[in-house]
Amino acid sequence: FSEMRDIYRYDQIKADTAVYAVIGDPIAHSHSPLIHNAAFQAIDMNAVYLPMRIRTEHLEAFLQDAPRMGICGLSITIPHKEAVAKLLKQVDRVIVGTGAANTLIFSPTGMVGYNTDSRAAIDSLAMRLPEGEESLEGKTVLILGAGGAAKAVAFSLRNRGADVVISSRTQERAQKLTEQLDCRAVSWKSRHGIDCSILINCTPVGMHPNVDSTPFDRHYLKPSMTVLDTVYNPENTLLIKDARSQGCVTVTGTEMFVRQAALQFRLFSGVEPPEDIMRETLRRSVGAVNV
């Protein structure tokens, strides 16, 4: 209990404490409470961030009740990103384009939705692209997966002129996404045949505890490629290790996860987030899990 108390700051909750949460099903694996609570503590903000397991059949009722429970904002994770988006009337342009939300603010005028996955992915990529090649115009990007994160990433890449190719283990979802965003789809078996300059894994393949799995065979990785893996636990997934061994530029899921959380924190609190503390907190936690 003492560990849970420290993570969720139970002993610091007061009548006027602002409550935020991450909702999903399952939710116990989420590291969001760790880094948000570390950030709140670092800036001495009277706020707490909790994990809440919400089943799909209870989602709409929960969102209606949340403001009455004193909840100010939510992070949205699997499997609720698309379902939440359908319930919103006030949304940002990424949600309009993708139908997926990962952030929700309860305002006096109602629920307002945002998607921070999109900007986080683009910023993470821009940070690591070779000098002089920062533009995504005309670059072929292969995205593995067709879920909420894949939608957000693909949307921003298409808006920046990239040639986006989607490959998912569920072909129907990939095809639906390509029609929505006017990009291409290939079957999962054909993914290695795409000559891409950027590879982005938006599937859970390689996530702890299945650390010996990878969504892309190392023999098809080329030194000219930039590889982003959205999996952050472990940070150095097998895909990232293979990409480094092949001379690729790599971007880990830790960078994207912290960036999207920092954007959420800014929306929640209205102040600049202590990103270095959030990043170090995540790395310590993930490292401890995988020792």
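The text that follows walks through the structure, step by step, so that each part is easy to find.

Thresholds applied
- Residues numbered from 1 in each chain as written.
- Predicted model: local features only at pLDDT ≥ 70, side-chain atom pairs only at ≥ 80, totals over all residues.
- Heavy atoms only, no water.
- Helix = DSSP H or I, 4+ residues; strand = E, 2+ residues; numbered from the N terminus.
- Polar contact = N/O pair within 3.5 Å; in protein donor to acceptor, adjacent residues only side chain to side chain.
- Contact = heavy atoms within 4.5 Å.
- Buried < 20%, exposed > 50% of the residue type's maximum accessible area, 1.4 Å probe, protein only.
- Pairing = 2+ DSSP bridges.
- Axes fitted to C-alpha atoms, helices over the stretch in contact; angles between N-to-C directions.
- Phe/Tyr/Trp six-rings, centres within 6.5 Å; stacked < 30°, edge-to-face > 60°.
- Lys NZ or Arg CZ within 6 Å of the ring centre and 35° of its normal.

## As for the side chain of Asn115
- Note that Asn115 resides in the loop between β6 (110–114) and α6 (117–128).
- At a separation of 3.0 Å, a polar atom in the side chain of Asn115 contacts the main-chain amide nitrogen of Asp117.
- Once residues within four sequence positions are removed from consideration, Asn115 is found in contact with Asp92, Val94, Ile95, Thr98, Ala100, Ala101, Asn102 and Ala152.

## Some thoughts on the pairing of strand β10 (residues 198–201)
- Of the two faces of β10, the one lined by Ile198 and Ile200 and the one lined by Leu199 and Asn201 are each fully buried.
- Pairing of strand β7 (residues 140–144) with β10, which is carried by four bridges, proceeds in the parallel orientation. Note on β10: the bridge partner recorded for Leu144 is Asn201.
- Both β10 and strand β11 (residues 226–229) contribute to a ladder of four bridges, which runs parallel. Across the sheet, residue Ile198 finds its bridge partner in β11, namely Thr226.

## Observations regarding the sheet that holds strand β1 (residues 18–24)
- Taken together, the six strands give an open sheet; going across it, the order is β2-β1-β3-β5-β6-β4, and neighbouring strands pair in mixed fashion. The two strands at the open ends of the sheet, each matched to only one other strand, are β2 (47–53) and β4 (90–91).
- Across the sheet, helix α2 (residues 32–42) touches β1, β2 and β3 (71–76), and the angle it forms with β2 is around 170°.

## A few points about the sheet that holds β10
- The strand order across the open sheet formed by six strands is β9-β8-β7-β10-β11-β12, and the pairing between neighbours is parallel. With one partner strand each, in any of the chains shown, β9 (184–187) and β12 (249–251) form the two edges of the open sheet. Pairwise comparison of adjacent strand axes, ignoring direction, gives a mean angle of 20° for this sheet.
- Across four bridges, strand β8 (residues 163–168) lies against β9 in parallel orientation. Across the sheet, Val165 pairs through a bridge with Arg184, a residue of β9.
- Packing of helix α8 (residues 171–181) onto the sheet brings it into contact with β8 and β9, and relative to β9 it is tilted by some 165°.

## Thoughts on the packing of aromatic side chains
- This model, assessed by the stated rule, comprises five aromatic pairs.
- Each ring, one from Tyr232 and one from Phe257, has its centre 4.0 Å from the other, and the planes form 25°; the classification is stacked. Separated by 25 residues along the polypeptide, Tyr232 in the loop between β11 and α9 (238–245) and Phe257 in helix α10 (residues 253–269) bring together distant segments of the chain.
- A relative accessible area of 13% means that Tyr232 is categorised as buried.
- An aromatic cluster of at least three residues, connected via ring pairs, comprises Tyr20, Phe40, Tyr49, Phe265 and Phe268.
- The ring of Trp188 carries Arg169 above its face, with NZ or CZ at 5.9 Å from the centroid.

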